[in-house]
Amino acid sequence: VEVKQFFGGINIPHYKSFTEHKAIKEASLPEELIIPLLQHTGAPNEPLVKVGDKVKAGQKIGATDKFLSAPVHASLSGTVTAIEPRLYMTGQMVESIVIAVDKNQDKLDLVDNDLDKVTKEDVINAVKEAGIVGMGGAAFPTSVKLNPPPDKHVDALIINGCECEPFLTCDHRLMLEKPSELLQGIKLLMKMLSVEKAFVCIEDNKDDAIEAVRQQNDDPRIVLLRMPTKYPQGSEKHLVKAAIDREIPSGGLPFDVGALIQNVGTCVAIYEAVKFGKPLIERVVAVTGQNLKDPQNLMVKIGTPLSHLINECGGIVEEPAKVVIGGPMTGRAQENLDVPVVKGTTGVIVLPPDMTLEDMDYSDCVRCCKCVEHCPMLLYPNQISIYCEAGMVELATEWNTMDCIECGICAYVCPSKRPITQLVQRTKPLIRELLSKR
Amino acid sequence: VSDTQKFVVSSSPHIKSHETVSNAMRDVFIALMPVTLVSIYFFRFYAVLTIAVCLVTAVLTEILFKRLMHKKPQLHDWSALLTGLFVALLFQATTPWYKAALATFIAVGIAKELAGGLGWNRFNPALFGRVALVILAPLYAYVNQWFQPLHIHLGGLDTITQATPLAMLRAGLEMPPVSQLFFAFPAGALSEVSPFALILGAAYLLYRKHIGWRIPVSILGTMIVLTLITGENPIYHLVTGGIMIGALFMATDWVTSPFTDKGKIIYGVAIGVLVVVFRVGFMITEGVAFAILIMNAFVPMIERMTARSQFGKIKVVQVPMAENK
């Protein structure tokens, strides 16, 4: 199938070879789980348990009646030892439920529903109960996303299997190892959204995954698109542009052009929630990087501390520069390994100093235009960086800084090593303030 | 910062390419090597002296001005050396060394450092320095006598007494064969000895993606069209004078050319028009240098006029509505 390109973007070396050929392995039992009550975009959950309570695997332990939310569950059975603020991947302290894990674990109580009989409401309820959020990293509550405003008509379901960030391989392995679950999840979504076309988008550096999904696909309404490998192919705006050639307006969302995007991991989770009533208590995490002894794709229980995963992968060799949750372009650097894996954790990457170039000073813009050439939002990052650096918020607004998706390409390519993306991140709140005064 | 912090925390992106300004500047330096070597082959010590004087002056000027402004010299970015080499290549080999040194001082000190340093200069420093000496010529003639005792005599060279091909073209003299002018002809400024060597260097920069095709193609294309219209021989205009180093190296300078794609074409076409006007209409020397410097001044305006609209800046997309609407 011919795929339309979007303008800009860049071929970054993808460093996926550390883990792309390694099958998903079940991680061993951690001693302790840290389950943040807020690990999605939206309102925080209230704890449903007390310190000292016994909890069972799959038991709901945090919930709220606010609309934009997703409950959390105990990923393993054990005893609640504390409910206190713990370090979260954003660097903030977030109220979390700490569980001492039992040595012996029971099997999850699962059901077996007939997918032909479920209704739209059943799906939304099951997704809400299972606490499913977008698993590509954004962690937006899926039950809300599946219920678009009535004035928005969705006619195309887009499944994001691009995984365009370097290093990450969790979606790749999932597509390779669970293609039929993925396809059943897609059919379920098509039925509940009454959508006639679904597009499964996979980059051409994952041809084995494309083949695996193609082999299992028996539905002509599900179209497989082989996307060019190009960062940020998985950005929702650029995915919609490339897959169905519609341009999401500035400040808009996919359903403004009739599209709904789901990550492949989320699709599989939706299938498992609706079919078996399985809550979102585990996910695939790519634990990788040059400074790791034995990189792996691990099936990890939500709440497992990073230190446990690093040990599982043979530990760190040589002093790394950074440990990043998510991809290296948009992920978050961690100060230590006490942070837990949450629903939106796609990967843990241990980066060496010669990739982060952290100590390098930056200098003035020499107007080489490399950022202009590659900016997928067609902005002028060179000008924006100068205005943001100087605190000229008015001019930064005028040059459309708010449209920046913070993909990180400009800061990556800049020969002056200017932290363009970081300057934008810092200036956006100031622009919001300015706009609110107008 | 907690006391358990082990790793560096900063915001994304966490990886950077290994491309640096120094590497790019060094590549431009490398790209100038073919023409530099050809000029040294023809003009021997004259060329070596001019180049050496300019390089040394450039470095000393950068150190002086950075010190004066309490900044750290940035010699490792190669930009001072590069400006020095550019200035040297814009002079004839027989130019007195103090004249070349003065041009370099103006280029690095005034056009670049006083403008704010690399990245902030509105005008191409090397051309600015070169043209400053043209404009200051009357004054310079007066000052010249002080410097006269400092003149270094390097003995005779046959080639250097030749009239420049561009002057011959203007005077309507019989021209040397085009192939000779294109590959190697010992007359004019150091950079004018071999358009072929310049194209070779520019091809390297194009391959390394440091320059684009838009500016050179629009300058040279405009020149070909306009010279044809005015009944001149376009080939001779392309292989003589400063047009090649101007179109391939000076006009493509990152700092002083527009950053918009459309802007690059407008800029190139305008330079092409001005060069032909100066050369054919007014017989001005240094027409290419003046053309580029004049257009340097218009760059911010061109950029404003030609800025692209961002992704998603579109007319409202018609989405088929549900049946019941």
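Residues numbered from 1 in each chain as written. Chains lettered and ligands numbered in written order. Predicted model: local features only at pLDDT ≥ 70, side-chain atom pairs only at ≥ 80, totals over all residues. Heavy atoms only, no water.

**Student:** Please set out the overall build of chain B residue by residue, giving values where relevant.
**Tutor:** When you go through chain B residue by residue, the secondary structure sums to 14 helices and zero strands. For chain B, the N- to C-terminal ordering of α and β elements is α-α-α-α-α-α-α-α-α-α-α-α-α-α. The dimensions of chain B, computed from C-alpha atoms along their principal axes, are 90 × 60 × 35 Å. Taken across its 325 residues, chain B has 52% of its residues classed as buried. Taking the intrachain contacts of chain B between residues at least 6 apart in sequence as the baseline, contacts between residues at least 24 apart amount to 75%. (Helix = DSSP H or I, 4+ residues; strand = E, 2+ residues; numbered from the N terminus. Buried < 20%, exposed > 50% of the residue type's maximum accessible area, 1.4 Å probe, protein only. Contact = heavy atoms within 4.5 Å.)

**Student:** Hey, could you go over the overall build of chain A for me, with residue numbers and the actual values?
**Tutor:** Of the regular secondary structure elements, chain A holds 14 helices and 17 strands. Over its C-alpha trace chain A gives a radius of gyration of 22 Å, about what one expects of a compact globule, namely 22 Å for 438 residues. When the 438 residues of chain A are sorted by exposure, 62% land in the buried category. Taking as baseline every contact in chain A between residues at least 6 positions apart, the subset at least 24 positions apart corresponds to 73%. For chain A, the computed accessible surface area is about 16800 Å², with 51% contributed by carbon and sulfur atoms. Of note, chain A has its 47 positive side-chain charges centred 2 Å away from the centre of its 58 negative side-chain charges. (Rg over C-alpha atoms; globule rule 2.2 N^0.38 Å. Areas by Shrake-Rupley, 256 points an atom, 1.4 Å probe, with all protein chains shown as cover. Lys, Arg positive; Asp, Glu negative; His and termini not counted. Charge placed at Lys NZ, Arg CZ, Asp CG, Glu CD.)

**Student:** Tell me what's going on with the interface of chain A and chain B, and back it up with residues and numbers.
**Tutor:** Contact with chain A, which involves 75 residues of that partner, is made by 50 residues of chain B. Interface area, chain A with chain B, both sides summed: about 5300 Å², of which 56% is carbon and sulfur. If you sort the residues of chain A by the area they bury against chain B, Glu-335, Arg-367 and Tyr-380 of chain A come out on top, with a joint share of 14%. Our count for the chain A to chain B interface comes out at two salt bridges. A salt bridge links Glu-303 of chain B to Arg-367 of chain A, with the nearest nitrogen and oxygen atoms 2.5 Å apart. (Buried area = accessible area lost by both parts, 1.4 Å probe. Salt bridge = Lys/Arg side-chain N within 4 Å of Asp/Glu carboxyl O.)

**Student:** Lay out the state of the cysteines in plain terms, naming residues and giving numbers.
**Tutor:** All names here are of chain A. Following the criterion strictly, the structure yields zero disulfides over all chains and no others. Free cysteine: Cys-371, not disulfide-bonded; nearest cysteine sulfur from Cys-368 at 6.2 Å. On the basis of relative accessibility, which here comes to 8%, the residue Cys-371 falls in the buried class. Unpaired in terms of disulfides, Cys-388 finds its nearest cysteine sulfur in Cys-404, a separation of 8.7 Å. Residue Cys-388 is classed as buried on the basis of its relative accessible area, which comes to 2%. (Disulfide = S-S within 2.5 Å.)

**Student:** Mind laying out the sheet that holds strand β11 (residues 222–227) of chain A, listing which residues take part and the relevant values?
**Tutor:** Residue and element names in this part refer to chain A. Taken in spatial order, the four strands make up an open sheet running β11-β10-β9-β12, and their pairing is parallel. Edge strands, defined here as strands with exactly one partner in the open sheet, are β11 and β12 (259–263). Ignoring which end each strand starts from, the neighbouring axes of this sheet average 25° apart. Where strand β9 (residues 156–161) lies against strand β10 (residues 198–203), five bridges are found, and the strand directions are parallel. Paired with Asn-160 across the bridge in β10 is Cys-201. (Pairing = 2+ DSSP bridges. Axes fitted to C-alpha atoms, helices over the stretch in contact; angles between N-to-C directions.)

**Student:** I'd like a description of the pairing of strand β2 (residues 32–36) of chain A, backed by residues and values.
**Tutor:** Residue and element names in this part refer to chain A. Of all five residues making up β2, four are buried, and the element is well covered by its neighbours. By the bridge criterion, five bridges tie β2 to strand β8 (residues 93–101) in an arrangement that is antiparallel. In the sheet register, Ile-34 faces β8, and the bridge partner there is Val-98.

**Student:** I'd like a description of the packing of helix α4 (residues 97–113) of chain B against helix α5 (residues 125–135) of chain B, backed by residues and values.
**Tutor:** Residues and elements named next belong to chain B. Relative to each other, α4 and α5 sit at 130°, their axes nearing to 8 Å. Here α4 lies oblique to α5, going by the angle between them. Considering only the axes of α4 and α5, their crossing is right-handed. Contact residues: α4 offers Lys-99, Leu-102, Ala-103, Ile-106, Ala-107, Ile-110, Ala-111 and Lys-112, while α5 offers Pro-125, Ala-126, Phe-128, Gly-129, Arg-130, Ala-132 and Leu-133. (Parallel < 35°, antiparallel > 145°, perpendicular 65-115°, else oblique. Left-handed = near helix turned anticlockwise from the far one by under 90°.)

**Student:** Go over the pattern of salt bridges, please, and point to the residues and values.
**Tutor:** All names here are of chain A. Enumeration according to the criterion identifies 36 salt bridges over all chains in this entry. With a shortest N-O distance of 3.2 Å, Lys-301 and Glu-26 are connected by a salt bridge. Of the two residues, Lys-301 sits in strand β14 (residues 296–301) while Glu-26 sits in strand β1 (residues 25–26), which places them 275 residues apart along the sequence. Lys-301 gets classed as buried once you look at its relative accessible area, which sits at 16%. For Glu-26, a relative accessible area of 48% translates into the label partly exposed. Lys-117 serves as the salt-bridge partner of Asp-114, at 3.7 Å between the closest nitrogen and oxygen. With a relative accessible area of 39%, Asp-114 lands in the partly exposed category. The network of salt bridges with shared partners includes Glu-26, Lys-178, Glu-272, Lys-278, Glu-282 and Lys-301.

None of this, on its own, says anything about what the molecule does.
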